[in-house]
Amino acid sequence: MAWWKAWIEQEGVTVKGSHHFNPDPDAETLYKAMKGIGGVSPGLGRQAAALPPPQPASGPLGAVGVLTRCTPAGTNEQAITDVLTRRSNMQRQQIAKSFKAQFGKDLTETLKSELSGKFERLIVALMYPPYRYEAKELHDAMKGLGTKEGVIIEILASRTKNQLREIMKAYEEDYGSSLEEDIQADTSGYLERILVCLLQGSRDDVSGFVDSGLALQDAQDLYAAGEKIRGTDEMKFITILCTRSATHLMRAFEEYEKIANKSIEDSIKSETHGSLEEAMLTVVKCTRNLHSYFAERLYYALKGAGTRDGTLIRNIVSRSEIDLNLIKCQFKKMYGKTLSSMIVGDTSGDYKNALLSLVGSDP
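Residues numbered from 1 in each chain as written. Predicted model: local features only at pLDDT ≥ 70, side-chain atom pairs only at ≥ 80, totals over all residues. Heavy atoms only, no water.

With that out of the way, let us pick up the pattern of salt bridges. Within this structure, the stated rule accounts for 17 salt bridges. For the salt bridge of Lys-118 with Asp-309, the shortest nitrogen-to-oxygen distance reads 3.6 Å. With Lys-118 in helix H6 (residues 117-127) and Asp-309 in helix H18 (residues 309-319), this residue pair connects regions lying 191 residues apart in the sequence. Relative accessible area serves as the criterion here: at 44%, Lys-118 is assigned to the partly exposed category. Among the residues examined, Asp-309 registers a relative accessible area of 12% and is labelled buried. Note that Glu-255 is salt-bridged to Lys-258, the shortest N-O span being 3.9 Å. Taken together, the positions of Glu-255 and Lys-258, both in helix H14 (residues 246-260) and three residues apart, correspond to about one turn of that helix. The exposure class assigned to Glu-255 is buried, which follows from its relative accessible area of 18%. Connected through salt bridges with shared partners, the residues Glu-137, Glu-154, Arg-297 and Arg-314 form a single ionic network. (Salt bridge = Lys/Arg side-chain N within 4 Å of Asp/Glu carboxyl O. Helix = DSSP H or I, 4+ residues; strand = E, 2+ residues; numbered from the N terminus. Buried < 20%, exposed > 50% of the residue type's maximum accessible area, 1.4 Å probe, protein only.)

In C-alpha coordinates form, the structure reads like this:
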(Lines give C-alpha, C1' and ligand atoms only; values in the text may rest on other atoms or scores of the structure.)
Protein backbone atom coordinates (compact mmCIF):
# COMPACT_ATOMS: atom_id res chain seq x y z
CA MET A 1 0.00 0.00 0.00
CA ALA A 2 1.58 3.26 -1.12
CA TRP A 3 1.57 6.23 1.21
CA TRP A 4 -1.03 8.32 -0.61
CA LYS A 5 -3.71 5.63 -0.11
CA ALA A 6 -2.96 4.75 3.50
CA TRP A 7 -4.96 7.57 5.04
CA ILE A 8 -8.37 6.13 4.15
CA GLU A 9 -7.94 2.55 5.39
CA GLN A 10 -10.39 2.25 8.29
CA GLU A 11 -9.59 -1.44 8.76
CA GLY A 12 -6.08 -0.34 9.68
CA VAL A 13 -7.15 1.38 12.91
CA THR A 14 -6.23 -0.40 16.16
CA VAL A 15 -7.52 2.27 18.57
CA LYS A 16 -11.13 3.12 17.72
CA GLY A 17 -12.23 4.59 21.02
CA SER A 18 -15.22 3.83 23.19
CA HIS A 19 -18.65 3.55 21.55
CA HIS A 20 -20.46 4.63 24.74
CA PHE A 21 -18.07 7.38 25.68
CA ASN A 22 -18.48 9.72 28.64
CA PRO A 23 -15.39 11.70 29.63
CA ASP A 24 -16.48 12.43 33.23
CA PRO A 25 -16.20 8.90 34.70
CA ASP A 26 -12.96 8.37 32.74
CA ALA A 27 -11.52 11.54 34.27
CA GLU A 28 -12.62 10.38 37.70
CA THR A 29 -11.03 6.97 37.16
CA LEU A 30 -7.73 8.62 36.24
CA TYR A 31 -7.89 10.93 39.26
CA LYS A 32 -8.40 7.98 41.59
CA ALA A 33 -5.69 5.98 39.83
CA MET A 34 -3.20 8.73 40.60
CA LYS A 35 -4.35 9.27 44.18
CA GLY A 36 -4.37 5.67 45.41
CA ILE A 37 -8.08 5.89 46.23
CA GLY A 38 -8.73 2.59 44.50
CA GLY A 39 -12.37 1.67 43.99
CA VAL A 40 -13.96 4.06 46.51
CA SER A 41 -15.93 6.79 44.74
CA PRO A 42 -16.20 10.31 46.20
CA GLY A 43 -19.80 9.59 47.19
CA LEU A 44 -18.68 6.62 49.28
CA GLY A 45 -15.73 8.40 50.86
CA ARG A 46 -17.53 9.45 54.07
CA GLN A 47 -19.16 6.01 54.45
CA ALA A 48 -15.79 4.30 54.04
CA ALA A 49 -14.27 6.54 56.68
CA ALA A 50 -16.83 5.29 59.19
CA LEU A 51 -16.03 1.63 58.59
CA PRO A 52 -13.78 -0.30 61.00
CA PRO A 53 -10.17 -0.89 59.92
CA PRO A 54 -9.85 -3.53 57.20
CA GLN A 55 -8.86 -7.01 58.35
CA PRO A 56 -6.79 -9.57 56.45
CA ALA A 57 -8.70 -12.58 55.21
CA SER A 58 -8.30 -15.56 57.49
CA GLY A 59 -6.61 -18.75 56.36
CA PRO A 60 -3.29 -19.61 54.78
CA LEU A 61 -2.93 -16.25 53.04
CA GLY A 62 -2.09 -14.70 56.39
CA ALA A 63 -0.81 -11.13 56.31
CA VAL A 64 -1.04 -10.85 52.55
CA GLY A 65 -4.68 -11.94 52.42
CA VAL A 66 -7.46 -10.08 50.60
CA LEU A 67 -8.59 -6.94 52.42
CA THR A 68 -12.28 -6.36 53.03
CA ARG A 69 -12.22 -2.93 51.33
CA CYS A 70 -9.90 -0.91 49.08
CA THR A 71 -6.94 0.92 50.57
CA PRO A 72 -4.65 3.60 49.13
CA ALA A 73 -1.88 1.96 47.15
CA GLY A 74 -0.08 4.63 45.13
CA THR A 75 -0.53 5.03 41.39
CA ASN A 76 -2.68 2.48 39.58
CA GLU A 77 -0.84 2.22 36.25
CA GLN A 78 -3.15 -0.47 34.89
CA ALA A 79 -6.22 1.74 35.33
CA ILE A 80 -4.43 4.54 33.47
CA THR A 81 -3.52 2.11 30.68
CA ASP A 82 -7.07 0.75 30.47
CA VAL A 83 -8.56 4.21 29.99
CA LEU A 84 -6.04 6.01 27.79
CA THR A 85 -5.06 3.20 25.41
CA ARG A 86 -8.70 2.35 24.72
CA ARG A 87 -9.90 5.83 23.84
CA SER A 88 -9.36 7.71 20.60
CA ASN A 89 -7.22 10.84 20.64
CA MET A 90 -10.31 13.02 20.34
CA GLN A 91 -11.81 11.27 23.36
CA ARG A 92 -8.59 11.76 25.34
CA GLN A 93 -8.81 15.51 24.71
CA GLN A 94 -12.34 15.52 26.14
CA ILE A 95 -11.16 13.52 29.16
CA ALA A 96 -8.44 16.14 29.74
CA LYS A 97 -11.05 18.92 29.69
CA SER A 98 -13.28 17.03 32.11
CA PHE A 99 -10.31 16.31 34.39
CA LYS A 100 -9.48 20.01 34.61
CA ALA A 101 -13.13 20.97 35.17
CA GLN A 102 -13.62 18.40 37.94
CA PHE A 103 -10.27 18.56 39.73
CA GLY A 104 -8.68 21.85 38.67
CA LYS A 105 -5.54 20.19 37.34
CA ASP A 106 -3.94 19.70 33.95
CA LEU A 107 -4.17 15.98 33.14
CA THR A 108 -0.93 15.75 31.16
CA GLU A 109 1.07 17.55 33.84
CA THR A 110 -0.48 15.34 36.53
CA LEU A 111 0.45 12.23 34.55
CA LYS A 112 4.01 13.51 34.23
CA SER A 113 4.25 14.03 37.99
CA GLU A 114 2.82 10.60 38.83
CA LEU A 115 4.51 8.41 36.22
CA SER A 116 8.11 7.84 35.18
CA GLY A 117 10.38 6.29 32.59
CA LYS A 118 9.23 4.80 29.30
CA PHE A 119 5.67 4.30 30.54
CA GLU A 120 5.39 8.02 31.25
CA ARG A 121 6.82 8.85 27.82
CA LEU A 122 4.24 6.62 26.11
CA ILE A 123 1.23 7.83 28.12
CA VAL A 124 2.17 11.50 27.69
CA ALA A 125 2.57 10.92 23.93
CA LEU A 126 -1.02 9.65 23.82
CA MET A 127 -2.26 12.91 25.34
CA TYR A 128 -0.96 15.17 22.57
CA PRO A 129 -3.28 15.96 19.64
CA PRO A 130 -1.69 14.22 16.60
CA TYR A 131 -0.22 17.25 14.83
CA ARG A 132 1.07 18.76 18.07
CA TYR A 133 2.71 15.44 18.91
CA GLU A 134 4.51 15.29 15.57
CA ALA A 135 5.52 18.95 15.93
CA LYS A 136 6.95 18.08 19.35
CA GLU A 137 8.88 15.12 17.92
CA LEU A 138 10.38 17.37 15.25
CA HIS A 139 11.25 20.06 17.80
CA ASP A 140 12.86 17.52 20.14
CA ALA A 141 14.85 16.10 17.20
CA MET A 142 16.45 19.51 16.63
CA LYS A 143 16.88 20.94 20.12
CA GLY A 144 20.13 20.64 22.03
CA LEU A 145 23.37 19.19 20.76
CA GLY A 146 23.12 17.06 17.65
CA THR A 147 20.17 16.54 15.35
CA LYS A 148 18.16 13.33 15.03
CA GLU A 149 17.89 13.43 11.25
CA GLY A 150 16.12 10.06 11.13
CA VAL A 151 13.09 11.42 13.01
CA ILE A 152 12.79 14.42 10.70
CA ILE A 153 13.16 12.25 7.59
CA GLU A 154 10.59 9.72 8.82
CA ILE A 155 7.90 12.33 9.49
CA LEU A 156 8.44 14.55 6.44
CA ALA A 157 8.68 11.67 3.94
CA SER A 158 5.58 9.81 5.13
CA ARG A 159 2.99 12.58 5.61
CA THR A 160 0.64 14.18 3.08
CA LYS A 161 0.61 17.84 2.13
CA ASN A 162 -2.38 18.62 4.37
CA GLN A 163 -0.79 16.83 7.30
CA LEU A 164 2.50 18.67 6.82
CA ARG A 165 0.61 21.95 6.72
CA GLU A 166 -1.08 21.13 10.05
CA ILE A 167 2.23 20.04 11.59
CA MET A 168 3.87 23.32 10.51
CA LYS A 169 0.97 25.29 11.99
CA ALA A 170 1.16 23.39 15.30
CA TYR A 171 4.95 23.81 15.40
CA GLU A 172 4.72 27.59 15.02
CA GLU A 173 1.94 27.85 17.61
CA ASP A 174 3.78 25.75 20.20
CA TYR A 175 7.39 26.87 19.65
CA GLY A 176 7.05 30.35 18.16
CA SER A 177 9.23 29.66 15.15
CA SER A 178 8.95 28.35 11.61
CA LEU A 179 9.57 24.63 11.15
CA GLU A 180 11.12 25.26 7.75
CA GLU A 181 13.50 27.90 9.14
CA ASP A 182 14.48 25.67 12.07
CA ILE A 183 15.25 22.79 9.69
CA GLN A 184 17.36 25.14 7.57
CA ALA A 185 19.20 26.34 10.66
CA ASP A 186 19.80 22.81 11.96
CA THR A 187 20.82 20.99 8.77
CA SER A 188 22.95 21.82 5.77
CA GLY A 189 23.86 20.87 2.22
CA TYR A 190 21.77 18.46 0.19
CA LEU A 191 20.08 17.05 3.31
CA GLU A 192 18.71 20.51 4.09
CA ARG A 193 17.49 20.84 0.50
CA ILE A 194 15.67 17.51 0.41
CA LEU A 195 14.02 18.14 3.80
CA VAL A 196 12.80 21.58 2.76
CA CYS A 197 11.54 20.14 -0.54
CA LEU A 198 9.67 17.36 1.30
CA LEU A 199 8.10 19.93 3.62
CA GLN A 200 6.37 21.54 0.62
CA GLY A 201 4.28 18.39 0.14
CA SER A 202 4.48 18.56 -3.63
CA ARG A 203 4.07 14.79 -4.12
CA ASP A 204 0.34 14.72 -3.43
CA ASP A 205 -1.75 13.53 -6.36
CA VAL A 206 -4.48 10.99 -5.78
CA SER A 207 -5.82 11.16 -9.32
CA GLY A 208 -3.64 8.25 -10.40
CA PHE A 209 -2.84 9.89 -13.75
CA VAL A 210 0.66 9.20 -15.03
CA ASP A 211 2.31 10.84 -18.01
CA SER A 212 4.25 7.83 -19.29
CA GLY A 213 6.48 10.03 -21.45
CA LEU A 214 7.49 12.19 -18.50
CA ALA A 215 8.03 9.09 -16.33
CA LEU A 216 10.43 7.73 -18.95
CA GLN A 217 12.19 11.10 -19.18
CA ASP A 218 12.58 11.21 -15.39
CA ALA A 219 14.05 7.70 -15.42
CA GLN A 220 16.54 8.77 -18.07
CA ASP A 221 17.37 11.93 -16.12
CA LEU A 222 17.96 9.93 -12.94
CA TYR A 223 20.27 7.57 -14.82
CA ALA A 224 22.14 10.47 -16.37
CA ALA A 225 22.47 12.15 -12.95
CA GLY A 226 23.99 9.09 -11.30
CA GLU A 227 25.04 5.84 -12.93
CA LYS A 228 25.97 7.39 -16.28
CA ILE A 229 28.37 10.01 -14.94
CA ARG A 230 31.31 10.18 -12.60
CA GLY A 231 29.92 11.76 -9.48
CA THR A 232 26.26 12.49 -8.82
CA ASP A 233 23.86 15.31 -9.64
CA GLU A 234 22.12 15.20 -6.26
CA MET A 235 19.71 18.02 -7.06
CA LYS A 236 18.26 16.10 -9.98
CA PHE A 237 17.49 13.18 -7.67
CA ILE A 238 16.02 15.53 -5.05
CA THR A 239 13.84 17.41 -7.54
CA ILE A 240 12.31 14.29 -9.06
CA LEU A 241 11.84 12.39 -5.77
CA CYS A 242 10.26 15.37 -3.99
CA THR A 243 8.05 16.90 -6.67
CA ARG A 244 6.54 13.94 -8.54
CA SER A 245 3.44 12.10 -7.39
CA ALA A 246 3.74 8.60 -5.95
CA THR A 247 1.97 6.99 -8.92
CA HIS A 248 4.32 8.81 -11.27
CA LEU A 249 7.39 7.75 -9.32
CA MET A 250 6.31 4.10 -9.35
CA ARG A 251 6.28 4.20 -13.17
CA ALA A 252 9.58 6.09 -13.27
CA PHE A 253 11.21 3.48 -11.02
CA GLU A 254 10.07 0.71 -13.40
CA GLU A 255 11.55 2.55 -16.37
CA TYR A 256 14.74 3.26 -14.44
CA GLU A 257 15.32 -0.43 -13.74
CA LYS A 258 15.02 -1.23 -17.44
CA ILE A 259 17.60 1.44 -18.31
CA ALA A 260 20.09 0.91 -15.49
CA ASN A 261 19.65 -2.86 -14.94
CA LYS A 262 19.43 -2.15 -11.21
CA SER A 263 16.84 -0.76 -8.85
CA ILE A 264 16.63 2.91 -7.92
CA GLU A 265 17.41 1.84 -4.33
CA ASP A 266 20.69 0.21 -5.38
CA SER A 267 21.68 3.29 -7.32
CA ILE A 268 20.90 5.61 -4.39
CA LYS A 269 23.04 3.40 -2.13
CA SER A 270 25.98 3.53 -4.53
CA GLU A 271 25.67 7.24 -5.38
CA THR A 272 24.94 8.79 -1.97
CA HIS A 273 25.70 8.15 1.69
CA GLY A 274 24.73 9.16 5.21
CA SER A 275 21.55 11.09 5.99
CA LEU A 276 20.99 12.09 2.35
CA GLU A 277 20.98 8.42 1.37
CA GLU A 278 18.56 7.66 4.21
CA ALA A 279 16.24 10.49 3.13
CA MET A 280 16.17 9.39 -0.52
CA LEU A 281 15.64 5.73 0.36
CA THR A 282 12.83 6.69 2.75
CA VAL A 283 11.01 8.55 -0.03
CA VAL A 284 11.34 5.48 -2.26
CA LYS A 285 10.16 3.10 0.49
CA CYS A 286 7.15 5.25 1.36
CA THR A 287 6.29 5.49 -2.34
CA ARG A 288 6.43 1.73 -2.85
CA ASN A 289 4.66 0.59 0.33
CA LEU A 290 4.08 2.78 3.37
CA HIS A 291 3.08 -0.13 5.59
CA SER A 292 6.31 -1.97 4.78
CA TYR A 293 8.28 1.14 5.66
CA PHE A 294 6.70 1.46 9.11
CA ALA A 295 6.96 -2.30 9.69
CA GLU A 296 10.69 -1.99 9.04
CA ARG A 297 11.00 0.99 11.39
CA LEU A 298 9.26 -0.95 14.17
CA TYR A 299 11.29 -4.12 13.54
CA TYR A 300 14.64 -2.38 13.82
CA ALA A 301 13.44 -0.41 16.86
CA LEU A 302 12.98 -3.78 18.62
CA LYS A 303 15.70 -5.91 17.03
CA GLY A 304 19.07 -6.53 18.64
CA ALA A 305 20.55 -5.19 21.85
CA GLY A 306 18.58 -2.31 23.31
CA THR A 307 15.29 -0.84 22.15
CA ARG A 308 14.87 2.39 20.22
CA ASP A 309 11.98 3.46 22.41
CA GLY A 310 11.50 6.84 20.74
CA THR A 311 10.92 5.20 17.35
CA LEU A 312 8.73 2.49 18.88
CA ILE A 313 6.51 4.91 20.81
CA ARG A 314 6.22 7.48 18.01
CA ASN A 315 5.20 4.99 15.35
CA ILE A 316 2.76 2.99 17.47
CA VAL A 317 1.11 6.14 18.82
CA SER A 318 0.96 8.00 15.51
CA ARG A 319 -0.24 5.03 13.43
CA SER A 320 -2.70 3.50 15.93
CA GLU A 321 -5.62 5.50 14.55
CA ILE A 322 -4.54 5.26 10.91
CA ASP A 323 -3.13 1.95 9.69
CA LEU A 324 -1.39 0.02 12.48
CA ASN A 325 -3.43 -3.13 11.76
CA LEU A 326 -2.16 -3.10 8.18
CA ILE A 327 1.40 -2.45 9.38
CA LYS A 328 1.09 -5.45 11.73
CA CYS A 329 0.08 -7.70 8.82
CA GLN A 330 3.01 -6.48 6.75
CA PHE A 331 5.32 -6.93 9.74
CA LYS A 332 4.37 -10.60 10.06
CA LYS A 333 4.72 -11.14 6.32
CA MET A 334 8.18 -9.53 6.22
CA TYR A 335 9.71 -10.95 9.39
CA GLY A 336 7.79 -14.18 10.13
CA LYS A 337 6.84 -13.06 13.63
CA THR A 338 4.25 -10.76 15.10
CA LEU A 339 4.85 -7.23 16.34
CA SER A 340 3.27 -8.21 19.67
CA SER A 341 5.68 -11.10 20.18
CA MET A 342 8.67 -8.81 19.68
CA ILE A 343 7.22 -6.23 22.08
CA VAL A 344 6.74 -8.97 24.69
CA GLY A 345 10.35 -10.12 24.22
CA ASP A 346 11.88 -6.65 24.30
CA THR A 347 9.87 -4.59 26.82
CA SER A 348 8.43 -5.14 30.29
CA GLY A 349 5.99 -4.00 32.95
CA ASP A 350 3.38 -1.29 32.49
CA TYR A 351 5.21 -0.01 29.40
CA LYS A 352 4.83 -3.41 27.71
CA ASN A 353 1.16 -3.69 28.71
CA ALA A 354 0.31 -0.26 27.34
CA LEU A 355 2.10 -0.95 24.04
CA LEU A 356 0.28 -4.27 23.64
CA SER A 357 -3.06 -2.61 24.35
CA LEU A 358 -2.41 -0.05 21.59
CA VAL A 359 -1.20 -2.69 19.12
CA GLY A 360 -4.21 -4.95 19.67
CA SER A 361 -4.64 -8.60 18.72
CA ASP A 362 -2.28 -10.40 16.36
CA PRO A 363 -3.20 -10.67 12.66
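There is more to say after this.
Taken together, the buried positions of helix H15 (residues 264-271) are occupied by Ile-264, Glu-265, Ser-267, Ile-268 and Glu-271. Projected down its long axis, H15 shows its buried positions confined to an angular sector of 165°, all on one face. Buried residues belonging to H15 abut helix H12 (212-225), helix H13 (234-243), H14 and helix H16 (274-288). (Arc of directions from axis to C-beta. Contact = heavy atoms within 4.5 Å.)

The topology assignment puts Leu-164 in helix H9 (residues 161-175). Exposure remark for Leu-164: the relative accessible area of 2% places this residue in the buried category. Spatially, the C-alpha atom of Leu-164 lies 6.9 Å from that of Gly-201, the residues being 37 residues apart in sequence. Discounting chain neighbours no more than four positions away, the residues touching Leu-164 are Ile-155, Leu-156, Arg-159, Leu-198, Leu-199 and Gly-201.

Glancing now at unusual backbone geometry. Unlike most non-glycine residues, Asn-261 shows phi in positive territory, near 60°. Along the chain, the position of Asn-261 falls in the loop between H14 and H15. The class for Asn-261 is exposed, based on a relative accessible area of 68%.

The subject of this paragraph is the confidence of the model for the protein chain. In this model, the protein chain carries a mean pLDDT of 86, and residues with pLDDT of at least 70 account for 84%. A low-confidence stretch, residues 36-72 stays under pLDDT 50, and its non-local contacts, those more than four residues away or across chains, total 34 contacts. (pLDDT = per-residue confidence, 0-100.)

What follows is about the nonpolar core. Counting residues in hydrophobic clusters, the biggest one holds 48 residues, and the most contacted among them are Leu-30, Ile-80, Leu-84, Leu-111 and Ile-316. The element that contributes the greatest number of residues to this core is helix H17 (residues 290-302), accounting for eight residues. If near-sequence neighbours (up to four positions away) are discounted, Leu-111 is found in contact with Met-34, Ile-80, Leu-84, Ile-123 and Met-127. Grouped together as the second largest cluster of nonpolar side chains are 41 residues, Ile-153, Leu-156, Leu-164 and Val-283 included. (Core = buried A, V, L, I, M, F, W, Y, C linked by side-chain atoms within 4.5 Å.)

We now examine the side chain of Glu-134. With respect to the secondary-structure elements, Glu-134 resides in helix H7 (residues 130-142). When its relative accessible area of 8% is taken as the criterion, Glu-134 is described as buried.

Within the secondary structure, Val-13 sits in the segment before helix H1 (23-33). For Val-13, a relative accessible area of 6% translates into the label buried. For the pair Val-13 and Leu-324, spaced 311 residues apart in the sequence, the C-alpha separation amounts to 5.9 Å. When neighbours within four sequence positions are excluded, Val-13 is seen to be in contact with Ser-320, Glu-321, Ile-322 and Asn-325.

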